[in-house]
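Structural description and commentary
Chain by chain, the residues:
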Amino acid sequence: MDPAIREELSRIVTAPVQWDCPLAGYTSFAIGGPAEALAKVRDRRELAALLAFLGRTRVPWRIIGRGTNLLVRDEGFAGVIILLGNGFRQMEFGRCRAGSCMVALGAGCSLAKTAAVCMDRGLTGLEFAGGIPGTVGGAVIMNAGAWGGDMAAVIRTVTVLGPEGERVLCRDSLDFGYRCWRDFPEFGGRAVVVAVELELKVDDPQEIRRRHAAMQARRRAGQPPGQGNAGSFFKNPADDAAGRLIEAAGLKGTRVGGAMVSERHANFLVNTGGATAADVLTLMRLVQDKVRQDSGIELEPEVHFL
Ligand SMILES: Cc1cc2nc3c(=O)[nH]c(=O)nc-3n(C[C@H](O)[C@H](O)[C@H](O)COP(=O)(O)OP(=O)(O)OC[C@H]3O[C@@H](n4cnc5c(N)ncnc54)[C@H](O)[C@@H]3O)c2cc1C
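1. Quick look at the overall build of the protein chain
Counting its regular elements, the protein chain contains 7 helices and 19 strands. For 306 residues, the compact-globule estimate of 2.2 N^0.38 gives 19 Å, and the protein chain sits close to it at 20 Å. Overall size of the protein chain, expressed as C-alpha extent along the three principal axes, is 55 × 55 × 30 Å. Burial analysis of the protein chain (306 residues in total) assigns 39% to the buried set. Contacts spanning at least 24 positions in sequence make up 65% of the contacts within the protein chain whose residues lie at least 6 apart.

2. Remarks on the packing of helix H1 (residues 3-12) against helix H2 (residues 44-57)
As a packed pair, H1 and H2 sit with axes 10 Å apart at the nearest point and diverge in direction by 165°. Comparing their axes, H2 and H1 come out roughly antiparallel. Regarding H1 and H2, the two cross each other, and that crossing is right-handed. Contacts from Ile5, Glu8 and Ile12 in H1 reach Glu46, Ala49, Leu50, Phe53 and Thr57 in H2. Counted by class, the contact of H1 with H2 contains 5 nonpolar, 1 polar and 2 charged residues.

3. Describing the site of the ligand
Around the ligand sit 31 residues in total, of which Gly65, Gly134, Gly137, Gly138 and Gly231 are the nearest. Mapped by element, the contributors of at least two residues to the shell around the ligand are strand S3 (61-63), helix H4 (136-142), strand S9 (145-146) and strand S15 (192-202). The leading source of residues in the shell around the ligand is H4, at 5 residues. Of the residues in the shell around the ligand, the class split is 14 nonpolar, 14 polar and 3 charged. Viewed by domain, the shell around the ligand spans two of them, domain 1 (3-87) and domain 2 (89-222), each represented by three or more residues.

4. Observations regarding unusual backbone geometry
Phi is positive for Ala30, close to 60°, though the residue is something other than glycine. Residues other than glycine seldom take positive phi values, yet Trp147 does so here, at roughly 50°. Given 13 C-beta atoms within a 10 Å radius, Trp147 is considered partly exposed.

5. Here we look at the domain arrangement of the protein chain
Taken domain by domain, the protein chain consists of domain 1 (3-87), domain 2 (89-222) and domain 3 (242-301). In this structure, domain 1 and domain 2 have C-alpha centres spaced 24 Å apart. Element by element, the count of residues in the side of domain 1 that touches domain 2 is highest for H2, at 6 residues. Per-class residue counts for the side of domain 1 that touches domain 2 are 6 nonpolar, 6 polar and 2 charged.

6. Comments concerning the sheet that holds strand S1 (residues 18-22)
Remark on secondary structure: sheet strands pair via backbone hydrogen bonds, oriented parallel or antiparallel. The 4 strands lie next to each other as S1-S2-S5-S3, forming an open sheet whose pairing is mixed. One side of each edge strand has no neighbouring strand; the edge strands of this open sheet are S1 and S3. Within the sheet, the average angular offset between the axes of one strand and its neighbour, ignoring direction, is 40°. In this fold H2 packs onto strand S2 (34-41), S3 and strand S5 (77-84), with an angle of close to 145° to the strand it touches most, S2.

7. Quick notes on the pairing of strand S7 (residues 100-106)
Strand direction decides the pairing type here: strand S6 (residues 91-93) and S7, joined by 3 bridges, are antiparallel. Bridge pairing in S7 places Met91 opposite Leu105. Taken together, S6 and the strand that follows it, S7, pair antiparallel across an intervening segment of 6 residues, in which Ala98 is found at a positive phi of about 50°. In terms of strand pairing, S7 meets S15 through 7 bridges, oriented antiparallel. When the bridges of S15 are listed, Leu105 appears paired with Val196.

8. Brief notes about helix H7 (residues 277-295)
Given 3.6 residues per helical turn, the α-helix brings residues three or four places apart onto the same face. Compared with an ideal rise of 1.5 Å per residue, which puts 19 residues at 27 Å, H7 spans 27 Å between its outermost C-alpha atoms and is within 8% of the ideal. Those residues of H7 that sit buried are Ala277, Asp279, Val280, Leu283, Met284, Val287 and Val291. Down the axis of H7, the buried side of the element spans an arc of 150°, and every buried residue falls inside it. In H7, the exposed positions angled more than 90 degrees off the buried face are occupied by Arg285, Asp289 and Gln293. Where H7 is buried, its residues contact strand S4 (70-71), helix H6 (242-248), strand S16 (255-256), strand S17 (259-261) and strand S18 (269-271). Downstream of H7 by a residue or two, Gly296 has a phi angle that is positive, lying close to 80°.

Rules used throughout
Residues numbered from 1 in each chain as written. Predicted model: local features only at pLDDT ≥ 70, side-chain atom pairs only at ≥ 80, totals over all residues. Helix = DSSP H or I, 4+ residues; strand = E, 2+ residues; numbered from the N terminus. Rg over C-alpha atoms; globule rule 2.2 N^0.38 Å. Buried ≥ 20, exposed ≤ 12 C-beta atoms within 10 Å, placed from the backbone. Contact = placed C-beta atoms within 7 Å. Axes fitted to C-alpha atoms, helices over the stretch in contact; angles between N-to-C directions. Parallel < 35°, antiparallel > 145°, perpendicular 65-115°, else oblique. Left-handed = near helix turned anticlockwise from the far one by under 90°. Nonpolar A, V, L, I, M, F, W, Y, C, P; charged D, E, K, R; others polar. Near = placed C-beta within 6 Å. Domains from an automatic or database assignment. Pairing = 2+ DSSP bridges. Expected span 1.5 Å × (residues − 1). Arc of directions from axis to C-beta.

Now the structure itself:
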């Protein structure tokens, strides 16, 4: 990276910029090469200045939340990786009216912690998110969901910040799909989700806790503990489950280098230790080929690539 660009980056971002920073430590897969620069922005003002600068200089950038749905390539990223700092962690509860309550969240909040706080307050709608790692911003981009619930069902507004400034988008005008925000590219594509407003309903706290406990028990029973992964690797095809198709193809336990199809849940590709992104990508293609041969179904990754 040009020394003048490095210097300006260090001037714009208050926290020290990390140069040639390995990204493995920033992903739940624990895989990935270095980013040329990793910059944690303090607040919206700093983010706006950074995006404007990166836009002017055409330096590539990408934002990551907790990296829990991300496979970072072994070559790393030639550009700037942006992380959201403490100025993006606000959580404010509006007054409850007619059984509904608005919750304003910074995009850097932990989704699981947010769900826990809301449940403690007797608010329903986020029980599904109790065990989903990652940030609120990442969850909006992914339309994270489980057990029939998803972010799209509770979002009221999304605030995005792009090179052209900030926009508050109403849920009614947004098109969310299964594990995706379909029309995000139309709203700047490479913009950053900085805040979200959710609308949750008031409910009996005991009922909420009971529902949440049942979901957590199912999650614990179904997911492989203790190995790097990014959750479900493939999207479920219509009227079927990716895990079922992979298991039926006899692929549980299949290995490529340090990457393996989990013995516990076939839709989890896990890092058994020392896996490279190339291992995971080769395993991914092997799974897609075998499932296509067996069932004619093309599995589409849910995981994003960087
Ligand atoms: C053990 C485990 C269990 C999981 N279970 C589930 C589950 O049940 N359901 C489910 O839906 N997912 C699940 N996931 C996947 C993952 O946790 C979710 O997709 C989560 O919402 C991703 O959030 P993140 O902050 O980690 O996003 P990241 O992985 O960091 O990023 C995901 C994508 O969003 C973009 N992005 C992140 N933040 C922003 C932002 N503020 N503005 C714009 N773009 C942004 C990134 O560039 C990337 O393209 C699981 C993952 C793991 C490891």
